[in-house]
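# Examining the three-dimensional arrangement
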Amino acid sequence: MATVKMVEYDDATGDVKQIFDEIMKLREIDFVPNVWKTLAVHPPTLRRLWDGLREVMAPGRLDTLTKEMIAIAVSATNGCEYCLWSHTAAARKQGLDDEMLGELMAVVGMFNQTNRLTQGYQVEVDPQYRDIG
């Protein structure tokens, strides 16, 4: 349960309602996700995060499926259940299947393990890696 009373769509006004409409249109969904209803208690934060997310997740050199897969990896690593489910749903709309998700989770698990071991041993970075500019 959220620590604040979420702003429901029917209670939203002004900028908040506009953002809610943008979220549903862009994500091609018929509801306002709880994360956005929660952030709406502080409209400047809602606006800042929504604008940032739209910008970062827009197609660029990386396609949107790749970006959603990165979001899944970060969410899994950070232990954010909400984001993991949300971004998995978005990625599935773009073609992510169980085999791809399994492979993604294998990469996430492997690099979490090797990163922790490398940090634990305080392995020095090879100078050749620093010269790849």
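Since the structure is predicted, the reported quantities are computational estimates derived from the model, not experimental observations.

### Details of the pattern of salt bridges
Evaluation of the coordinates by the stated rule reveals eight salt bridges. For D98, the salt bridge identified is with R92, shortest N-O distance 2.7 Å. Taken together, the shared-partner salt bridges connect D15, E22, R47, D51 and R54 into one network.

### Description of a nonpolar patch on the surface
A contiguous nonpolar patch, built from L62, I70 and V74 and spanning about 240 Å² of accessible area, is present on the exposed surface. The topology assignment puts L62 in the loop between α3 (43-57) and α4 (64-78). For L62, a relative accessible area of 41% gives the class partly exposed.

### Re the nonpolar core
Grouped together as the largest cluster of nonpolar side chains are 12 residues: V7, A12, V16, I19, F20, I23, M24, V32, W36, A40, L46 and W50. Taken together, the elements giving at least two residues each to this core come down to α1 (14-27) and α3. Broken down by element, this core gets its largest block of residues, five residues, from α1. Every residue in contact with M24, bar those within four places of it in the chain, is listed here: Y9, I29, D30, F31 and V32. One finds L65, M69, I72 and L104 within the second-largest nonpolar core, a separate group that totals nine residues.

What counts and how
Note that residues are indexed from 1 along each chain, following the sequence as it is written. In view of the model being predicted, local features appear only for residues whose pLDDT reaches at least 70, and side-chain atom pairs are presented and counted only at 80 or more, with totals across whole chains, interfaces and linings using the full set of residues. By convention in this description, side-chain values take in all heavy atoms of the structure and omit both hydrogens and water. The salt bridge criterion pairs a side-chain nitrogen of Lys or Arg with a carboxyl oxygen of Asp or Glu, the two atoms within 4 Å. Each patch is assembled from residues with relative accessible area greater than 30% and no salt bridge, linking like charges that lie within 9 Å and nonpolar side chains (Val, Leu, Ile, Met, Phe, Trp, Tyr) that lie within 5 Å. Shrake-Rupley sampling with a 1.4 Å probe provides the accessible areas, and residues are treated as covered by the protein chains on show and by no other component. By definition, any uninterrupted DSSP run of H or I lasting at least four residues is a helix, any uninterrupted run of E lasting at least two residues is a strand, and each is numbered from the N terminus. We call a residue buried when its accessible area falls under 20% of the maximum for its residue type, exposed when it is over 50%, and partly exposed in between, using a 1.4 Å probe and counting protein chains only. Residues belong to a common nonpolar core when they are buried Ala, Val, Leu, Ile, Met, Phe, Trp, Tyr or Cys residues joined through side-chain atoms within 4.5 Å. For this analysis, residues touch if any pair of their heavy atoms sits within 4.5 Å.

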